[in-house]
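Structural characterization, general
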Amino acid sequence: MSRVARLAAFALAAAMLTGAAAGVPPTDTEPTPRSAATPSPSPSPTKEPSERDRQYWIDDYGIKEAWKTSQGEGVTVAVIDTGIVDGPEAFKGAVAGGTDVSGVGAQDGRTPVDVVNRNHGSWVASLVAARNGGDADKMIGVAPKAKLLSVSVGFGDSATVPFVEQIAEAITWSVDHGADIINLSLTTNAQSWDESWDDAFLYAMQHDVVIVAAAGNRGSGTNVVGAPATIPGVLTVAGVDPEGKPSVEASTQGITIGVSAPSEKLLGISADGVLKEWKGTSGAAPIVTGVAALVRSAHPDASAIDVINRIVQTARKPKGVTEVPHPLYGYGLVDAEAAVTADVPAATRNPMGDLERWIEVNRRKPAEQQPTPTVTPVEVPPLPPAEGRPEAGSSFLPSQEELRTGTLPLAALSGAGILVVLGVIAAVRRVRSARVRRSPGKP
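Conventions we followed
Residues numbered from 1 in each chain as written. Predicted model: local features only at pLDDT ≥ 70, side-chain atom pairs only at ≥ 80, totals over all residues. Heavy atoms only, no water. Helix = DSSP H or I, 4+ residues; strand = E, 2+ residues; numbered from the N terminus. Buried < 20%, exposed > 50% of the residue type's maximum accessible area, 1.4 Å probe, protein only. Contact = heavy atoms within 4.5 Å. Areas by Shrake-Rupley, 256 points an atom, 1.4 Å probe, with all protein chains shown as cover. Core = buried A, V, L, I, M, F, W, Y, C linked by side-chain atoms within 4.5 Å. Salt bridge = Lys/Arg side-chain N within 4 Å of Asp/Glu carboxyl O. Pairing = 2+ DSSP bridges. Axes fitted to C-alpha atoms, helices over the stretch in contact; angles between N-to-C directions. Patch = residues over 30% accessible without salt bridge, like charges linked within 9 Å, V, L, I, M, F, W, Y side chains within 5 Å. Lys, Arg positive; Asp, Glu negative; His and termini not counted. Charge placed at Lys NZ, Arg CZ, Asp CG, Glu CD. Polar contact = N/O pair within 3.5 Å; in protein donor to acceptor, adjacent residues only side chain to side chain. Parallel < 35°, antiparallel > 145°, perpendicular 65-115°, else oblique. Left-handed = near helix turned anticlockwise from the far one by under 90°. Nonpolar A, V, L, I, M, F, W, Y, C, P; charged D, E, K, R; others polar. pLDDT = per-residue confidence, 0-100.

Moving on to the overall build of the chain. Secondary structure summary: the chain contains 11 helices and 9 strands in total. A burial count over the chain gives 42% of its 443 residues as buried. The long-range share in the chain, meaning contacts at least 24 apart out of those at least 6 apart in sequence, stands at 73%. About 25800 Å² of surface is accessible on the chain, with carbon and sulfur atoms providing 55% of the total.

Structure, rendered in structure tokens:
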């Protein structure tokens, strides 16, 4: 190729590249003239997922379908936690009352009492019953028409009342103020519990209240389920990741687990109203609490035992799990739609155990006071006057008794023996004398 031809080819190629870079298709056709005022098209930006879009548990766990039947109307849930803050729109009209049992909080339980965990109670409450104000893009609770009771407690040095006393008082107060369900997103990291909790939890169960508790998190040092999630009759909730697999950090294991629910990539409304992503069975528990509210709303005549039984019996077995209860999943993954709509026979016992029976077997009964016997007085005739005490004699002389039984008989026998000997001697002498008299004389 000649030098001229090579230069011409180079010029044509440069013109085509320049046109392509300017948005003109590399064709032989004449481009359509574009006005200088018309901007070049640009790709549309990817839409950020809304708060509601990020709530995968609403769709994946049958909650959206369950809303066709109920949304928690007529049900009251007590959130025993650090307190549901007063202010965010999500809680407007949701909180029906409250109290403080820590000794340092507000009387209505709406001021968080724990500086470190001040958002915790609000996060939990928002998962149960946050209102979205009609905005379909906003976060919404599992039971958005349920009512809440805010019972604020303090952990460690953030309270003036011992923790065990706070929980016992909080349970009793919640029952007395109309709670149908109690949520406990807390743990003691110990399998045993204070005896004062026996009466409080039994009081709630005898008043037909459902109690839901978090299983605990390995990431916080809970390797096995701790109280109150070990108390018989309590619906204990373990955590799974968005794929439905047991969470490594945000869950734990144990034989008292009832069901599992999401515990990772959760959303919660903070005390300042800002949405926060968080994790833990502290979030899995209120999801199940919300499901319990849907069930109680749809079946107002169902007992607390029936509600728990419905949730347990309709739970979905995870892939690969053949036998339940499972130490990581319990009876399986919670299924809100099935729990609300399935035909489940009435329960005759709580599948999570019988606290009253446990107390009877494991707690020592106080000794019963024995009745005082009635004794009829018996008349006893007076005793004869006591004889005077004989004067003490010498210790070297025999007593009368000794003389009578020992000394006198011995003396008699001795005397008789002496007489016999003397008689024998006398007889011998007489015989000798007679022999002498008969002997002849000397010359």
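On to the nonpolar core. One recurring pattern in soluble globular proteins is that nonpolar side chains are buried together. In this structure, Trp-57, Ile-63, Leu-148, Leu-235, Val-288 and Ile-311 are the most contacted members of the largest nonpolar core, which totals 67 residues. For this core, the element with the most residues is helix α7 (residues 281–298), which contributes 9 residues. Ile-63 has contacts with Trp-57, Ile-58, Val-142, Ile-287, Leu-294 and Ala-336, leaving out every residue within four places of it along the chain. Residues Val-101, Val-175, Leu-186 and Ala-204 belong to the second largest nonpolar core, which totals 35 residues.

This next bit is on the pattern of salt bridges. Under the defined criterion, the tally for this structure stands at 8 salt bridges. Measuring nitrogen to oxygen at the nearest pair gives 2.7 Å for the salt bridge that ties Arg-363 to Asp-198. A residue pair is termed long-range when its members are at least 10 positions apart, and Arg-363 in the loop between α10 (355–362) and α11 (400–438) and Asp-198 in helix α6 (residues 196–206) qualify at 165 residues. The same class applies to Arg-363 as to Asp-198, namely buried. For Arg-357, the salt bridge is made with Glu-360, and the minimal N-O distance between the two is 3.2 Å. In this pair, Arg-357 and Glu-360 are both assigned in helix α10, 3 residues apart and thus about one turn of the helix distant. Judged by relative accessible area, which is 45%, Glu-360 ranks as partly exposed.

Pairing between sheet strands relies on hydrogen bonds along the backbone, with the strands arranged either parallel or antiparallel. Taken together, the 7 strands give an open sheet; going across it, the order is β2-β3-β1-β4-β5-β6-β7, and neighbouring strands pair in parallel fashion. Single-partner strands in this sheet number two, and they are β2 (95–100) and β7 (257–262). Across the sheet, the mean angle separating the axes of adjacent strands is 25 degrees when strand polarity is ignored. Sitting on the sheet, helix α4 (residues 120–129) is in contact with β1 (76–81), β3 (147–152) and β4 (181–184), with an inclination near 160 degrees to β1.

Helical geometry: 3.6 residues make up each α-helical turn, so side chains three or four residues apart lie on a common side. Within helix α8 (residues 304–313), 8 of the 10 residues are buried, which leaves it mostly tucked inside the rest of the structure. Those residues of α8 not exposed but buried are Ala-304, Asp-306, Val-307, Ile-308, Asn-309, Arg-310, Ile-311 and Val-312. Residues of α8 that are buried sit in contact with β5 (210–214), β6 (235–240), β7, α7 and α9 (336–341).

Another aspect to go through is a negative patch on the surface. The grouping of Glu-165, Glu-169, Asp-194 and Glu-195 at the surface amounts to a negative patch. Mapping Asp-194 onto the fold places it in the loop between β4 and α6. Relative accessible area serves as the criterion here: at 35%, Asp-194 is assigned to the partly exposed category.

Among the 5 residues of β5, 5 are classified as buried, and the element is accordingly described as predominantly covered. Taking every second residue as pointing to the same face, both faces of β5 are buried, with Val-210, Val-212 and Ala-214 on one and Ile-211 and Ala-213 on the other. Examined bridge by bridge, β4 and β5 share 4 bridges and lie parallel to one another. Counterpart to Asn-183 in the pairing with β5 is Val-212.

Mapping Asp-114 onto the fold places it in the loop between β2 and α4. No salt bridge forms around the buried Asp-114; measuring N to O, its nearest opposite-charge neighbour Arg-118 is 8.4 Å away. Separated by 3.0 Å, the side chain of Asp-114 and the backbone nitrogen of Val-116 make a polar contact. Non-local contacts of Asp-114, meaning those with residues more than four positions away in its chain, are made with Thr-82, Phe-155 and Ser-158.

On to the packing of helix α5 (residues 163–176) against α6. Viewed as axis vectors pointing N to C, α5 and α6 meet at an angle of 15 degrees, and their least axial separation amounts to 9 Å. On the basis of their axis angle, the class for α5 and α6 is roughly parallel. The way α5 lies across α6 gives a crossing that is left-handed. Contact residues: α5 offers Phe-163, Val-164, Ile-167, Ala-168, Ile-171, Thr-172, Val-175 and Asp-176, while α6 offers Ser-196, Trp-197, Ala-200, Phe-201, Tyr-203 and Ala-204. Split by residue class, the contact of α5 with α6 holds 11 nonpolar, 2 polar and 1 charged.

Further remarks concern the environment of Gly-254. Counting through the fold element by element, Gly-254 comes out in the loop between β6 and β7. By relative accessible area, Gly-254 is classed as buried at 16%. Along the primary structure Gly-254 and Ala-238 are separated by 16 residues, whereas in three dimensions their C-alpha atoms are 9.1 Å apart. Sequence-distant contacts of Gly-254, that is, excluding residues within four places in its chain, are made with Val-225, His-326 and Pro-327.

Looking at where Gly-87 falls in the secondary structure, it is placed in the loop between β1 and β2. The partly exposed category is assigned to Gly-87, whose relative accessible area is 37%. Sequence separation between Gly-87 and Gly-273 is 186 residues, and the spatial gap between their C-alpha atoms is 7.4 Å.

This part covers the confidence of the model for the chain. Looking at the chain as a whole, the pLDDT averages 85, with 80% of positions reaching at least 70. The model gives residues 1–40 a pLDDT under 50, and that stretch makes 5 contacts with residues more than four places away or in other chains.

α7 packs onto α4 with a crossing angle of 35 degrees between their chain directions and a minimal axis gap of 8 Å. Crossing of α4 over α7 shows right-handed handedness. The residues of α7 that touch α4, namely those facing His-120, Val-124, Leu-127 and Val-128, are Ser-282, Gly-283, Pro-286, Ile-287 and Thr-289. Here the contact of α4 with α7 is built from residues that sort into 5 nonpolar, 4 polar and no charged.

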